[in-house]
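Results of the structural survey
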Amino acid sequence: MMSKLFLELGFSDEDKQVKYSQECLFISKLYSRFISDVKIENLRKIAIQLVNSHDAAYIIPTNKLTKVCLVYRYFEWKNFENESLEANRYKILLDLILDTLLEMAGKFNWPVEPFKNAYLEVTKTDFKNEYVLLAPKLSSDRRYSTSLVVVREKEYSSIFIELIDKKHECEIKKFELIKVSFYEDDLSCVVKSLKWINNEEFVVSNKDGEINFKYSTQNNILEMFLTPQTHDEKYLQDELKLLNPETSKEEYLEINNKRIAALP
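Description of the structure in this document. Remember, predicted model here, so these are calculated numbers, not experimental data. (Residues numbered from 1 in each chain as written. Predicted model: local features only at pLDDT ≥ 70, side-chain atom pairs only at ≥ 80, totals over all residues. Heavy atoms only, no water.)

1. A few points about the overall build of the chain
Counting secondary structure elements, the chain contains 6 helices and 12 strands. If you line up the chain on its principal axes, its C-alpha atoms span 65 × 50 × 40 Å. Per-residue burial for the chain yields a buried fraction of 40% across its 264 residues. In the chain, of all internal contacts separated by at least 6 residues, the share reaching a separation of at least 24 is 48%. Looking at the chain as shown, the accessible area adds up to about 15000 Å², and 49% of this sits on carbon and sulfur atoms. For the chain, the centre of its 37 positive side-chain charges and the centre of its 43 negative side-chain charges are spaced 4 Å apart. (Helix = DSSP H or I, 4+ residues; strand = E, 2+ residues; numbered from the N terminus. Buried < 20%, exposed > 50% of the residue type's maximum accessible area, 1.4 Å probe, protein only. Contact = heavy atoms within 4.5 Å. Areas by Shrake-Rupley, 256 points an atom, 1.4 Å probe, with all protein chains shown as cover. Lys, Arg positive; Asp, Glu negative; His and termini not counted. Charge placed at Lys NZ, Arg CZ, Asp CG, Glu CD.)

2. Details of the layout of surface pockets
The computed volume of the largest pocket comes to approximately 790 Å³. Among the elements that make up the lining of the largest pocket, the one with the highest residue count is helix 1 (residues 14–33) (5 residues). Grouping the amino acids of the lining of the largest pocket by side-chain chemistry returns 10 nonpolar, 6 polar and 9 charged. In this model, the second largest pocket occupies a volume close to 430 Å³. Around the second largest pocket, the lining is made up of 17 residues, and of these Ser181, Tyr183, Leu242, Thr247 and Tyr252 lie nearest the centre. Looking at the lining of the second largest pocket, the elements with two or more residues in it are helix 5 (233–243) and helix 6 (249–261). (1 Å grid on protein atoms, 1.4 Å probe; cavity = no way out; pocket = protein on both sides within 12 Å on 5 of 7 lines; lining within 4 Å. Points joined across faces, edges and corners; volume = space filled by probe spheres on them. Nonpolar A, V, L, I, M, F, W, Y, C, P; charged D, E, K, R; others polar.)

3. Quick look at the nonpolar core
Ranked by size, the top nonpolar core spans 38 residues in total, and within it Leu9, Ile27, Tyr31, Trp110 and Phe115 carry the most contacts. Among the elements of the structure, strand 1 (6–11), helix 1, strand 2 (45–51), strand 4 (68–74), helix 3 (86–108) and helix 4 (113–124) are those that each provide at least two residues to this core. In terms of residue count, the dominant contributor to this core is helix 3 (9 residues). When near neighbours in sequence (up to four residues on either side) are disregarded, Phe115 contacts Leu5, Tyr31, Ile35, Ile40, Ile46, Leu98, Leu101 and Trp110. Judged by nonpolar contacts, the second largest core, of 25 residues, contains Leu163, Leu187, Val190 and Phe202. (Core = buried A, V, L, I, M, F, W, Y, C linked by side-chain atoms within 4.5 Å.)

4. Things to note about the sheet that holds strand 6 (residues 144–152)
If you walk across this open sheet you meet the 4 strands as 5-6-7-8, and the pairing is antiparallel. Looking along the sheet, the strands with just one partner apiece sit at the ends: strand 5 (129–138) and strand 8 (171–181). Put simply, the sheet's adjacent strands are angled 20° from each other on average, direction ignored. Two strands pair when backbone bridges link them, and strand 6 and strand 7 (residues 156–165) are joined in this way by 9 bridges, in the antiparallel orientation. (Pairing = 2+ DSSP bridges. Axes fitted to C-alpha atoms, helices over the stretch in contact; angles between N-to-C directions.)

5. Considering the sheet that holds strand 12 (residues 221–226)
Strand order in the open sheet formed by 4 strands is 9-10-11-12, with antiparallel pairing between adjacent strands. Sheet topology places strand 9 (193–196) and strand 12 at the edges, where each strand pairs with a single neighbour. Strand after strand, the sheet turns through a mean of 20° between neighbouring axes, direction not considered. Both strand 9 and strand 10 (residues 201–205) contribute to a ladder of 4 bridges, which runs antiparallel. By the bridge assignment, Trp196 is partnered in strand 10 with Phe202. Relative to the sheet, helix 5 contacts strand 11 (211–216) and strand 12, its axis offset from that of strand 12 by approximately 125°.

6. Side note on the side chain of Lys16
Residue placement: Lys16 occurs in helix 1. The buried category is assigned to Lys16, whose relative accessible area is 11%. Not counting residues within four places of it along the chain, the set of residues in contact with Lys16 comprises Phe11, Ser21, Asn52 and Trp77.

7. Here we look at the environment of Glu246
Along the chain, the position of Glu246 falls in the loop between helix 5 and helix 6. Note: C-alpha distance between Glu246 and Glu210 (36 residues apart in sequence) is 22 Å.

8. Focus on the packing of aromatic side chains
Under the criterion given, the structure shown has 14 aromatic pairs. Relative to Phe182, the ring of Phe26 has its centre 6.3 Å away and its plane inclined at 20°; by these criteria the two rings are stacked. Of this pair, Phe26 sits in helix 1 while Phe182 sits in the loop between strand 8 and strand 9, placing them 156 residues apart in sequence. Taken as a pair, Phe26 and Phe182 share a single burial class, namely buried. (Phe/Tyr/Trp six-rings, centres within 6.5 Å; stacked < 30°, edge-to-face > 60°.)

9. A short note on the environment of Phe115
Within the secondary structure, Phe115 sits in helix 4. Separated by 67 residues in sequence, Phe115 and Phe182 place their C-alpha atoms 24 Å apart.

Structure representation (structure tokens):
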């Protein structure tokens, strides 16, 4: 079974990568949403590295082992750097992505239309990366409908609860459940399922059923609770710190180093 296709854009120059990594990652994730179902043999990832000279540009084709096509692409970065509007910078990067992919499609006989369609879909978003993570679920009495929505910013991803009260003229409430590091792609580690436990309360749980959020429509209260099973409570608390975009780099490394040291 083939995995979902995704794209990764970055600068080979370390200083530029540090400066523009968030914008490159943002546009990469947004574009990848619309090519994830494209099936190309032995291709799971397209990595575009932007280089400073034409001489440094070359291509490493995909193969059965890596399933990665690596493209070193020349980029006249000064026009990008001199552009003050963020949306215009995203458009420059998006145009570059499409040009690169069309060139690769011609070289390796990839389908062209999916890449063009993805480009159009991104432009329709006005560079707002928002999508439904969990489809709406009804309470037993069918009064309430609730879903989970993700909004990806440059610095973090926010997971929102969207609650519709059909009794009061379909009143809609939208409130933040949790912020997660933008670098975290697998959001099932924090939210995976949503279940109504009665007509007034529902629970959102992660894939292991250990991190949970309960909301009461009657009291308008959201609370988080942990139910350790595979992991102990300290591990789960650390896991939340690793997911938190406000966790310092020092604490993040400390937690990871402790986990590595504890490996058998």
